[in-house]
Structures are given as structure tokens and as C-alpha cells.
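# Chain and residue survey
The chain contents come next:
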Amino acid sequence: MTGHHLEAAVQENIPRIRSRLSKASSVCVLAGAGNSADSGVPTFRGKDGLWRNFRAEELATPEAFRRDPKLVWEWYNWRREIIATKSPNAAHLALAAMERQSPSFTLITQNVDGLHAKAGSKNLIEIHGNIWKVRCTACGCISMNEDVPIPILPHCSQCNGLLRPYIVWFGESLDPADITRSMDALHRCDVLLVVGTSGIVQPAASFASVARNAGAYVVEVNVEATLNSDLVDETLIGRASEIVPMFIKELV
Ligand code: OAD
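About the cut-offs
Residues numbered from 1 in each chain as written. Predicted model: local features only at pLDDT ≥ 70, side-chain atom pairs only at ≥ 80, totals over all residues. Heavy atoms only, no water. Domains from an automatic or database assignment. Buried area = accessible area lost by both parts, 1.4 Å probe. Salt bridge = Lys/Arg side-chain N within 4 Å of Asp/Glu carboxyl O. Nonpolar A, V, L, I, M, F, W, Y, C, P; charged D, E, K, R; others polar. Near = heavy atom within 4 Å. Polar contact = N/O pair within 3.5 Å; in protein donor to acceptor, adjacent residues only side chain to side chain. Areas by Shrake-Rupley, 256 points an atom, 1.4 Å probe, with all protein chains shown as cover. 1 Å grid on protein atoms, 1.4 Å probe; cavity = no way out; pocket = protein on both sides within 12 Å on 5 of 7 lines; lining within 4 Å. Sits in = over half its atoms within 2 Å of the grid points. Helix = DSSP H or I, 4+ residues; strand = E, 2+ residues; numbered from the N terminus. Pairing = 2+ DSSP bridges. Axes fitted to C-alpha atoms, helices over the stretch in contact; angles between N-to-C directions. Contact = heavy atoms within 4.5 Å. Buried < 20%, exposed > 50% of the residue type's maximum accessible area, 1.4 Å probe, protein only.

For the chain, the assigned domains are domain 1 (3-40 + 87-128 + 173-248) and domain 2 (46-84 + 148-167). Between the C-alpha centres of domain 1 and domain 2 the distance comes to 27 Å. Across the domain 1/domain 2 interface, buried area totals approximately 370 Å², and carbon plus sulfur atoms make up 58% of it. For the domain 1 face of the interface with domain 2, the top three residues by lost area are Val-112, Asp-113 and His-128, together amounting to 69%. Summed over the shared surface of domain 1 and domain 2, the number is zero salt bridges. When its residues are assigned to classes, the side of domain 1 that touches domain 2 shows one nonpolar, two polar and one charged.

Here it is, written out as C-alpha cells:
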């Protein structure tokens, strides 16, 4: 199929999905790196994805941080520098608008860039953390830190312990409160939108089936088919910034 045909196929499906969304008493969204791709934030597994050029186990694990905190902070500083220059795109803005139009709305995001909050999303669960927050490895306190670059190595203003990025790394567990909130939303929703995620990283990778098994209508938006595609009700192929705004009543 050519791009033109794909677009026509997507267009055909929009009114039906809009109608499901406007009738839904509860809407949930699971977002991934693809939602921020059109803002210029690199994804993890794409052509120029972050994990193509770096080994995850050398950078995004607690062991890596224990071994070489300077290297890990340098990588996060590089990502902070990139993200600091980026703004929410039409997909972020449309999801914030969708929340204002829905009686019950939850946005579960795997993204750590903070762009959903910047776009105005309120009931937001950042299950993988936030790149603009730090956590003390000694006293555990979490604080905002928007320094670009962050002075390496950063230390806690309370106890002088070493600060680490407030990110859920490989081998670490999600915050149990975030899991509970996410599960509630996934069980409650009538419609789940799965936007721009490869469906590779657990537990988020199983969220589409959780919602579908609980009776939700699940719609995926992605530039290509993913591991989620076989288990969702429909997949719309295209860019998040083009498709998601078509779901809402008002233009953003
Ligand atoms: P991935 O990089 O694995 O997947 C990004 C997905 O977005 C792919 O399926 C792409 O096809 C799709 N995509 C790319 N551009 C798009 C666009 N413009 N519109 C729509 N879709 C597009 O990213 P995630 O699934 O988010 O963890 O990865 C999950 C986690 O793995 C991340 O949260 C990160 C990483 O390790 C942490 O940072 C803890």
C-alpha cells in the first residue's frame, strides 16, 4: 500500500473511533516514545533510536550506575540537552484536550521527557519516571532538577548523598502506586489508545491485553505494526501527531 492509501484507510476509521471515544465513560491512553518522536525526541528502538547507539546495560541499569555514575550522568545530561529544546507536539496537545473532554481520563506514559505535563495533561502516570527529577541514593528524597547540564556528580542538598536520575532502569520495579493506578484505569476504561510504543518493555507491554481482557476497545496508533498489533482491536498506521488530533472534537 502506498502512503496515500494508508492515509485513506486511517481516515475511514476516524469517525468510528471518535464516536467510541465520545460515548466512553472512561478513556485510558498508554503512550511511548513514538508519541514524542514528532517533537524530535529520539525513540529507543527506531532507526536512530537511543538503544541502537548505546548498550542499555551499560547505561540504564543500577549496576551501571554503581560501576560508573559519571558515565551514566553524562548520558542523561546529553539527553537533557536534547529534551530541553523540545516542545509538545500535536499528539501531546490532543491528549491533553481529550482529557478535558472526557468524564474520566488517565494517561499512562512510558516517556520521561515531561512533555505530556507541559502540554497540560493532568491525570498522568509517568511509570518510567521523569528525566527532570532526581532521587537521592542515600536518603531517597525526590526533587525537581532542571539543570542542563547537571553538575557531575550531583549531591543531595539534604544529606549530601549521591543523586541519581529519577528513572526506572532495567532490572528495577515500577512504583507500586503507579502500577495500582494504571491497573485501575486499564480495568475501568471503555477505550484504550496505545500510542507510539513498541510493546517490548514490560510491564507496559501487557497493558493492552489487560484492558482488552477487561472489556475495553483497544486502538493502536503507530508508524508500523508492533508486538501489540495482533491483540488490539485495530491498528492505525501513521504518525501520532497526525492521527491523535483527529480523535478529538476541537482542533488543537
Ligand atoms: P520504543 O523506541 O521501543 O518504540 C517506539 C515506538 O514508536 C515504535 O513502535 C515506533 O514504530 C513508534 N513510532 C516512532 N515514531 C512514531 C510516530 N511519529 N508516531 C507514532 N509512532 C511512532 O519506545 P517505547 O515503546 O516507549 O524505558 O519503549 C519503552 C521503554 O523502553 C522506554 O520507556 C524506555 C526504554 O527502555 C525507560 O526509559 C525506563
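Turning our eyes to something else, we now look at the site of the ligand. With respect to spatial proximity, 24 residues lie near the ligand, and among them Arg-45, His-128, Thr-197, Ser-198 and Asn-222 are the closest. The separation between an oxygen atom of the ligand and a polar main-chain atom of Gly-196 is 3.2 Å. For the ligand, the protein covers 93% of the area, taking 800 Å² as the surface of the free molecule. According to the grid-proximity analysis, the pocket containing the ligand is the largest pocket. Counting residues per element, the shell around the ligand draws most heavily on helix H2 (residues 33-37), at three residues. Its residues assigned to classes, the shell around the ligand shows nine nonpolar, eleven polar and four charged.

Overall, antiparallel pairing links the three strands, which are arranged S5-S4-S6 in an open sheet. Lying at the two open borders of the sheet, with one neighbouring strand each, are strand S5 (142-144) and strand S6 (163-167). Across the sheet, the mean angle from the axis of one strand to that of its neighbour is 45°, orientation sign disregarded. Note that strand S4 (residues 129-136) and S5 share three bridges and pair antiparallel. Residue pairing in the sheet places Arg-135 in a bridge with Ile-142 of S5. Contacting S4 and S6, helix H6 (residues 69-84) crosses the sheet at an angle of about 140° to S4.

Turning next to the sheet that holds strand S9 (residues 234-237). One open sheet accounts for six strands, arranged S3-S2-S1-S7-S8-S9; its pairing is parallel. The open sheet has two edge strands with one neighbour each: strand S3 (124-126) and S9. For this sheet the average axis-to-axis angle between neighbouring strands, irrespective of direction, equals 15°. Together, strand S1 (27-31), strand S2 (105-109) and strand S7 (191-195) form the strand contacts of helix H7 (residues 90-101), whose direction differs from that of S2 by roughly 150°. Strand contacts of helix H9 (residues 176-188): S1, S2, S3 and S7, with the helix running at about 130° to S3, the strand carrying the most contacts.

For S2, the tally of buried residues reaches five of five residues, placing the bulk of the element in the interior. On S2, burial covers both faces: Phe-105, Leu-107 and Thr-109 on one face and Thr-106 and Ile-108 on the other are all buried. Bridge count for S1 against S2 is five bridges, and the pairing is parallel. In the strand pairing of S2, Leu-30 is matched with Ile-108.

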